[in-house]
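Each chain, letter by letter, is given below.
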Amino acid sequence: MRVIFINRFFYPDHSATSQMLSDLAFGLAERDVVVSVITSRLHYDDAQASLPVHEAIKGVHVERIWTSQFGRAGLLSRSIDYLTFYFSAAWMLARVARRGDIVVAMTDPPAFSILASIVAWVRGASNINWLQDVFPEVAEALQLAGRRSTHLFRPLRILRDISLRRASMNVAIGSLMVERLLQSGVEPRRIAIIPNWADTAAIRPVPSTENRLRSDWNLSEKFVVAYSGNLGRAHGIEMLVEAIANSAQTADAPKIQWLFIGGGVGFMKLQRATDELGLTNITFRPYQPREQLAESLSVADVHLVFLRPELEGLIVPSKFYGIAAAGRPLVFVGAANGEIARLINQFGCGVALASGNGAGLAETLATLAKDPQRCRQLGERARAMCEANFSKELAITAWSDLLERFAVRKPRFARTHAVASQHNKETC
């Protein structure tokens, strides 16, 4: 059995899809699966980076293809980078794929499932779509093409739906995403749920007194509320700015230090907005090396997770799992019946709030700041939840079981049986 993954980013890149793919690819290789990855030569936050064209990393064969290098500065430049990746990746896949292979297409760039399904069919390979998001619905919800987004994306959606309906399997990362796939006409037998995960061995709770980053960043004696990762269009900053301003203006409230680690268009907007308001209780830090995630995630006393309600079922914030592994409580801001809100309520590992109420967010954080024992209990439950349901080893086993079932029969386009492990049913 050989598995060929396609995604724009791969190790050593630190973006969310890269980290998920790297974990899975290396984990499968350790289990003697032959793994290849087709990816770009770029870093997520450095379009000018140039990684080796051919490389073997931890038993994984990596082919890095040529693409344009305009970066993430604007939608047009990003679209050109996507387009060049489409053609280069499809060409490379057509060259290397053969009968009996399993082609796993991720969703960066969006809708690559269309080309992957065609090439897999021509080459006689099985085709699995690993959906980290659902496009073009995400673009429509955010109105990236204006109010006419739905009409402009309709042809793409039709082709995307065909590719999903005829795929050997579609792996969703949440139960609400499954509902979206069913609404698109995908048969239940072509859908499996394997949630994203965290490396619970590498990401562990680090006590505040032992965390050097707290002292290095001058946070030792403060109650730290953190946001870690990409802050983009899917998250929104308006409520965040309101909460920061509210917490700074309330005289009798505990003093909160806000910490933002990462990047994205929202970071720049947030910096400008807080500078204009003269707010000083904010610390900004760049993405931290993955080897320091245990320390950087453990710096905080509480972590924030945001998702616009209209994006439920289209995206599941992967930062949730790393935060839980670090044993920190979560405050989720989004839909009350959303994927993350359900998990928080089920396992009692944080607080779920509705979007649009910055004052309510500030009040919730002030309440937590006054109750360190409750914060500790919420964090312990988060860690226990992650170990029992969302560890890297559990996810790799679920993927291994799924792939093995496709390897034992002759691959045939558009004829398969859905498989989802009992673990998936229990955790999602």
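Scoring rules and cut-offs
Per chain, the residues get numbers from 1 upward, laid out in the order the sequence is written. Reporting of local features is limited, given that this is a predicted model, to residues whose pLDDT is at least 70; pairs of side-chain atoms are given and counted only at 80 or more, and all residues count toward the totals for whole chains, interfaces and linings. Water and hydrogen atoms were dropped before computing side-chain values, which therefore reflect all heavy atoms in the structure. Should DSSP find at least two bridges between two strands, the strands are regarded as paired. Going along the chain from the N terminus, every DSSP run of H or I of four or more residues is numbered as a helix, and every run of E of two or more is numbered as a strand. To define axes, lines are fitted to C-alpha atoms, for helices over the stretch in contact only, and angles between the resulting N-to-C directions are given on a 0 to 180 degree scale. Here, residues are in contact when the closest pair of their heavy atoms is within 4.5 Å. Here a polar contact is recorded for every N or O atom pair within 3.5 Å, except that within protein the pair must consist of a potential hydrogen donor and a potential acceptor, and residues adjacent in sequence are included only if both atoms are side-chain atoms. Note on definitions: salt bridges are taken to be side-chain nitrogens of Lys or Arg within 4 Å of carboxyl oxygens of Asp or Glu. Per-residue accessibility, obtained with a 1.4 Å probe over protein chains only, is compared with the maximum for each type, and a residue is labelled buried under 20%, exposed over 50%, and partly exposed between these values.

## Focus on the sheet that holds strand β4 (residues 60–65)
Strand order across the open sheet formed by eight strands is β3-β4-β2-β1-β5-β6-β7-β8, with mixed pairing between neighbours. Single-partner strands in this sheet number two, and they are β3 (54–57) and β8 (191–193). Geometrically, the sheet is characterised by an average inter-axis angle of 20 degrees between neighbouring strands, direction not taken into account. Summarising the sheet, strand β5 (residues 102–105) and strand β6 (residues 126–131) pair through four bridges and their orientation is parallel. Considered in β6, the bridge of Val103 is made with Asn127. Each of β6, β7 (169–172) and β8 is contacted by helix α6 (residues 175–183), which is oriented at about 170 degrees to β8, the strand it contacts most.

## A word on the environment of Asn281
Checked against the element boundaries, Asn281 lands in the loop between α9 (265–277) and β11 (282–285). With 108 residues separating them along the chain, Asn281 and Ile173 place their C-alpha atoms 36 Å apart. Dropping the residues within four chain positions of it, Asn281 is found in contact with Ile244, Ser247, Ala248, Ile256, Gln257 and Trp258. Only 3.0 Å separates the side chain of Asn281 from the backbone oxygen of Ile256, close enough to count as a polar contact.

## Considerations on the pattern of salt bridges
Applying the stated rule across the entire model yields 16 salt bridges. Close ionic contact of Asp23 with Arg290 constitutes a salt bridge, the shortest N to O distance being 2.8 Å. Taken together, the positions of Asp23 in helix α1 (residues 16–30) and Arg290 in the loop between β11 and α10 (293–298) put the pair 267 residues apart, joining distant regions of the chain. Where Arg204 meets Glu295, a salt bridge forms, and the shortest distance between an N and an O atom there is 3.9 Å. Placement of the pair is Arg204 in the loop between β8 and α7 (212–216) and Glu295 in helix α10, with a sequence separation of 91 residues. Taking the relative accessible area as the measure of exposure, Glu295 reaches 18% and is therefore buried. Salt bridges sharing partners connect three or more residues here, namely Glu137, Arg160, Asp161 and Arg165.

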